[in-house]
Amino acid sequence: MLFPTLTFGLFFLLVYAATWLARGSNEWRKIILLVASWIFYGWWDTRFVLLLILSAILNWGAARLILAADEKPWLRKAWLVLGVAANLTILGFFKYYGFFMVQLEALLRLAGWERDLAIMQVVLPVGISFFTFQGMSYLIDIYRRQTAPAALLDMTLLMSFFPHLVAGPIVRASHLVPQFERVPEMTRGMAAMGIALIVWGLFKKAVIASELATGLVDTVFFDPSAHGSLDLIAAAYGYAVQIYCDFSAYSDMAIGIAALLGYRFPHNFNQPYRAASLQDFWRRWHISLSSWLRDYLYVSLGGSHHGLRRLCFSLMATMLLGGLWHGASWNFVIWGAIHGSVLVAERLWREYRPKSWRPLPAWLDILVTFHIVLLGWIFFRAASFGDALAFLGGVAGRGAPAVSTAMLTPMLLALILLGMTFHFMPRFTIQQVGMRLRAMPASLVGIGAGLLILVVDAMRPEGVAPFIYYQF
Amino acid sequence: MPRDGSVPDKVIERTPADANGLALSLSPVDLPEPPAPLPNGLRWTTITIAWATLVLLLLNAHALRSWAYQLPPTDLSAKVVTLAESWYDNVDRFGLNRPVEAMHGWWQTAKDHRFREEQPAPADAGRAAG
């Protein structure tokens, strides 16, 4: 069930009515949300609802065991390690089994062992990377005594809650479980922000991201060698805008939908392409994942507390694993390596830059950072390493047909520019809209929202492509 | 990504507010307190959603019809298709399908613009001349 569909719209109206009618009992309200979340998840594949439930029970149980071993530090650690290992096993099996078996087969062939390994086709459950990371963060927070233990119902709802279930934001227990402890109060401000974010997200996804995907990016990336350098450059910029509009739209809609049910989700994006360094980029892009990787991986690997060499290792390892988190492919590893090495270079530059050298102007920092990110996106989007190289070779004018702009239209160019413009709007534009909306009569806001959705619907291409981050 | 030993949420909480009282908070749905209380949040929200639904029901019947046709074929979905078709015809009688059709047409025209008008291929040109 995709957010920008009528099926989801009808589903949401039912859930909205049922949860607020049941506001007399917080427990019943949560049970309704839980069942609704399972229906939402089961819409893809009912078998994986069981996986979701088992995963929640596993993390809840492991947390109880950590708490019960309060007097024995070694036992607490053992339960933590077991719990995290169980989560990683689930993730590893569904997400990386096929990839590693193919690599193993290739390795054996190189060593002269011609063996056809029986490789099962494993179906990837939607959103598994998100819910296993949420489960692990809960266990680690319990171990570090940074969050209060959650009841089984709350833990299950935390991991299953449908607005963030399949593509984040990664909401931590310390943020959401306290909100589950009482019936939330709906304020006009929250509702206004929720509606504004949903409409805004719908526009970014259904118009900009979908149009760029169908009109330019998918075709060019499908066969980079068949396109001229200008089309390739346009597709690279187009993908940068598409992935931002697609993923940030999902986050906006998830935050908006949760707000209409009375819950507050954290920020996930903050105008990422105006970042003046890669470190700054990661404070602005997929904030819930980057802060997860920082708190649970980078810090665990040593972080900045054991000297510069260890810091550089931690940065690189975090980014490589962050790349692998996105999927079992060498291209994601290369994407992580690009980010990791530039983060390390930035850090070393800060450490060793001659004091007499003046820093670059901010606009140039932004431009350079954006183009490093753009280079990473080519590997992220290309189907294979060979395709990525063909793409880069084509941009440089090697092996590609004559320079042409067969794919790029004025509309697509306008959408690329529009997507970039969002990054230079005032920081709190949407909040200012929300502040105005909440003071207006409900009928006016409702008619306005309905008309805007109508405009978006008239502009969107036929059908709805899944969100890019669903595959992760 | 990793920031050296920093705690982002605390940094965010310390971000100074702008002239409207807006600051980076834990959630984008957090707004500063209004100057005067705005009561009945749930009622306001429900009325807003109801109006938006009504507008879409009246002006977006084609979406309802397309959705109905995409349902898996069952007895129930056949009834849904019939209802959606008759709803489409009813609102069409009042011209309510026209706005979205017009907007869709304008959008398509805008999308069809090219930087350069396409020249006919030589073979086509020869045929045309012949």
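Residues numbered from 1 in each chain as written. Chains lettered and ligands numbered in written order. Predicted model: local features only at pLDDT ≥ 70, side-chain atom pairs only at ≥ 80, totals over all residues. Heavy atoms only, no water.

**Some thoughts on the environment of Ser-86 of chain B**
Item 1. The topology assignment puts Ser-86 of chain B in helix α4 (residues 75–93).
Item 2. Accessibility expressed as a relative area gives 36% for Ser-86 of chain B, which makes it partly exposed. (Helix = DSSP H or I, 4+ residues; strand = E, 2+ residues; numbered from the N terminus. Buried < 20%, exposed > 50% of the residue type's maximum accessible area, 1.4 Å probe, protein only.)

**What about the layout of surface pockets?**
Item 1. Of the pockets and cavities examined, the largest pocket occupies roughly 1400 Å³.
Item 2. As for the largest pocket, its lining consists of 48 residues, of which Pro-4, Thr-5, Leu-6, Gly-9 and Arg-460 of chain A are closest to the centre. (1 Å grid on protein atoms, 1.4 Å probe; cavity = no way out; pocket = protein on both sides within 12 Å on 5 of 7 lines; lining within 4 Å. Points joined across faces, edges and corners; volume = space filled by probe spheres on them.)

**Considerations on the interface of chain A and chain B**
Item 1. On the chain B side, the residues contacting the 75 residues of chain A number 53 residues.
Item 2. Buried surface at the junction of chain A and chain B, both sides included, amounts to about 5700 Å², of which 71% is carbon and sulfur.
Item 3. Area buried by chain A at its contact with chain B is led by Arg-188, Arg-294 and Leu-454 of chain A, which between them contribute 12% of it.
Item 4. Summed over the shared surface of chain A and chain B, the number is two salt bridges.
Item 5. Residue Glu-211 of chain A pairs with Lys-111 of chain B through a salt bridge whose shortest N-O separation is 3.0 Å.
Item 6. Considering every element that reaches the side of chain A that touches chain B, the biggest residue donor is helix α19 (residues 442–459) of chain A, with 14 residues.
Item 7. Residue composition of the side of chain A that touches chain B, by class: 45 nonpolar, 18 polar and twelve charged. (Contact = heavy atoms within 4.5 Å. Buried area = accessible area lost by both parts, 1.4 Å probe. Salt bridge = Lys/Arg side-chain N within 4 Å of Asp/Glu carboxyl O. Nonpolar A, V, L, I, M, F, W, Y, C, P; charged D, E, K, R; others polar.)

**Some points on the packing of α19 of chain A against helix α2 (residues 41–59) of chain B**
The axes of two packed helices give the description: the angle between them and the distance between them.
Item 1. Axis separation between α19 of chain A and α2 of chain B bottoms out at 7 Å; the angle between their running directions is 40°. Classified by the angle their axes make, α19 of chain A and α2 of chain B are oblique. Relative to α2 of chain B, the crossing made by α19 of chain A is right-handed. On α2 of chain B, the residues that touch Ala-442, Ser-443, Val-445, Gly-446, Ile-447, Ala-449, Gly-450, Leu-451, Ile-453 and Leu-454 of chain A of α19 of chain A are Trp-44, Ile-47, Thr-48, Trp-51, Ala-52, Val-55, Leu-56 and Leu-59 of chain B.
Item 2. For the contact of α19 of chain A with α2 of chain B, the class distribution of residues is 14 nonpolar, four polar and no charged. (Axes fitted to C-alpha atoms, helices over the stretch in contact; angles between N-to-C directions. Parallel < 35°, antiparallel > 145°, perpendicular 65-115°, else oblique. Left-handed = near helix turned anticlockwise from the far one by under 90°.)

**Focus on helix α1 (residues 6–21) of chain A**
Item 1. The terminal C-alpha atoms of α1 of chain A, which comprises 16 residues, lie 23 Å apart, in line with the 22 Å expected from a rise of 1.5 Å per residue.
Item 2. When we look at burial in α1 of chain A, the residues that qualify are Phe-8, Phe-11, Phe-12, Val-15, Tyr-16, Thr-19 and Trp-20 of chain A. With its buried residues spanning 140° around the axis, α1 of chain A presents them on a single face. Residues of α1 of chain A that are exposed and point more than 90 degrees away from the buried face comprise Leu-14 and Leu-21 of chain A.
Item 3. Taken together, the buried residues of α1 of chain A touch α2 (26–42), α7 (162–165) and α10 (229–260) of chain A together with α2 of chain B. (Expected span 1.5 Å × (residues − 1). Arc of directions from axis to C-beta.)

**Description of the packing of α1 of chain A against α2 of chain A**
Residues and elements named next belong to chain A.
Item 1. Contact geometry of α1 with α2 gives a least axis separation of 9 Å together with a crossing angle of 165°. Here α1 is positioned roughly antiparallel relative to α2, judged by the angle of their axes. As for the relative orientation of α1 and α2, their crossing is right-handed in sense. In this structure, α1 uses Phe-8, Phe-11, Val-15, Ala-18, Thr-19 and Trp-20 to contact α2, whose residues at the interface are Arg-29, Ile-32, Leu-33, Ala-36, Ile-39 and Phe-40.
Item 2. Taken together, the residues of the contact of α1 with α2 sort by class into ten nonpolar, one polar and one charged.

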